[in-house]
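# Fold and geometry: a report
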Amino acid sequence: MKLFYQDSTIEVDLNVQKINYLCIEKHSLFRHMLLQLYDQCHGEEGPWIYNVNAKGEAIDKEIHMIMNPIQVDVNSKSILTKLNTNLLKESNLMIEELHDIVTKLHQFFYTLELSSFIDIEHKEEIVATDIIKLGAFKVHETDKDAVDRLLDYMDIVNELLKPDLFVIANIEMYLDLEELDLFFKTILAKQLCVLCISSTSQVMKDIDKSLINGYTLDSDFCLI
């Protein structure tokens with residue numbers, strides 16, 4: 001897996017056995033390139049190119065970007081949409097249970113119609129989608145600390161959305177060195193592919209180098 005920046009020599013070879021780390025030293029460039037990648041992760045066009053086995057892949061389908069690691073939303077629209085899709089598939093396998101529920105709902109609605117002082121009617125066809133909507137399902141949120149919530153969030157995203165790559169912005173701003181070391185080791189144990197993008201290379205100096213696949217983009221736009 002490789003991440004390229006169009007019309008430049010920037011090429012990040014993503015190592016699934018390590019935490020990939022890209023430092024962009026010039027702050028204005030860091031901001032610009034990060035926002036471009038963020039937009040592409042949400043379906044916009046842009047200069048970032050993601051290749052797997054020399055074949056271009058859709059960034060908005062294969063990369064999940066976390067801009068604020070301490071304020072993640074386990075009930076985002078994309079997560080809930082996929083959750084409900086999975087629940088719908090499961091419910092469609094429960095044919096007898098679904099039939100019983102639909103029958104009882106029709107009986108209940110007919111009773112309401114008969115008791116109404118005006119002439120009313122309800123929807124003729126009740127399908128599994130309607131039942132799932134009634135459940136208003138969401139992911140249970142806990143009071144864990146920010147690091148544990150982030151790990152839980154990444155587990156949920158990995159289970160439901162199945163991205164190839166997580167991109168995390170400025171993770172070192174929020175975690176102590178010991179927390180960061182444990183976080184990286186936990187990510188590697190979960191076998192998640194992660195690229196951290198930062199405006200400082202300090203982490204690559206302080207963290208166990210065996211954990212890091214590091215790149216630095218200097219102020220002259222050269223990758224070192």
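Along every chain, residues carry numbers that run from 1 in the direction the sequence is written. Where totals are concerned, whole chains, interfaces and linings use all residues; where local detail is concerned, this predicted model gives features only for residues with pLDDT of at least 70, and gives and counts side-chain atom pairs only at 80 or more. Water and hydrogen atoms were dropped before computing side-chain values, which therefore reflect all heavy atoms in the structure.

## Concerning the overall build of the protein
Test applied: Helix and strand assignments come from DSSP, with helices taken as H or I runs of at least 4 residues and strands as E runs of at least 2, each series counted from the N terminus. Radius of gyration here is computed from C-alpha atoms only, and the compact-globule reference equals 2.2 Å multiplied by the residue count raised to the power 0.38. Only protein chains enter the accessibility calculation, which uses a 1.4 Å probe. A residue is then buried if its area is under 20% of the maximum for its type, exposed if over 50%, and partly exposed in between. Contact between two residues is taken to exist if any of their heavy atoms lie within 4.5 Å; hydrogens are not considered. For accessible areas, the Shrake-Rupley method is used with a probe of radius 1.4 Å. Any residue's cover is judged against the shown protein chains and nothing else.
Within the protein, the secondary structure is distributed over eight helices and nine strands. Relative to the compact-globule value of 17 Å for 224 residues, the protein shows a C-alpha radius of gyration of 23 Å, a clear excess of over 25%. Expressed as lengths along the three principal axes of its C-alpha atoms, the size of the protein is roughly 75 × 40 × 30 Å. The buried share of the protein, taken over its 224 residues, is 40%. A fraction of 72% describes how many contacts in the protein between residues 6 or more apart in sequence connect residues 24 or more apart. As displayed, the protein has an accessible area near 13500 Å², and 52% of this comes from carbon and sulfur atoms.

## Description of unusual backbone geometry
You will see that N170, though not glycine, has its phi angle at about 50°, which is positive. Structurally, the position occupied by N170 is in the loop between β7 (165–169) and α7 (177–189). According to the relative accessible area criterion, N170 is buried, its value standing at 12%. In the Ramachandran plot, F221 falls in the positive-phi region, its phi being about 65° despite a non-glycine side chain. Within the secondary structure layout, F221 lies in the segment after β9 (212–217).

## So, the sheet that holds strand β4 (residues 48–52)
What counts is decided by this rule: Think of it this way: DSSP has to see at least two bridges between two strands before they count as a pair. Comment: axis = line fitted to C-alpha atoms, over the contacting stretch for helices; angle = value between 0 and 180 degrees taken between N-to-C directions.
Here we have four strands laid out as an open sheet, ordered β2-β1-β4-β5, and antiparallel in their pairing. Here the strands that pair on one side only, and so sit at the sheet edges, are β2 (11–13) and β5 (55–57). Geometrically, the sheet is characterised by an average inter-axis angle of 30° between neighbouring strands, direction not taken into account. Of the pairings in the sheet, the one linking β4 to β5 comprises three bridges and is antiparallel in character. By the bridge assignment, V52 is partnered in β5 with K55. In this fold helix α1 (residues 27–41) packs onto β1 (2–5) and β4, with an angle of close to 60° to the strand it touches most, β4.

## Considering the packing of aromatic side chains
Threshold: Ring geometry is summarised as follows: Phe, Tyr and Trp rings, the Trp one being its six-membered ring, pair when their centres sit within 6.5 Å, and such pairs are stacked at plane angles under 30 degrees, edge-to-face over 60 and tilted between the two.
In the structure shown here, the tally under the stated rule is four aromatic pairs. Aromatic side chains F108 and F109 sit 5.9 Å apart centroid to centroid with 50° between the ring planes, which places their arrangement in the tilted category. By way of ring pairs, the aromatic residues Y5, W48 and F221 are connected into one cluster.

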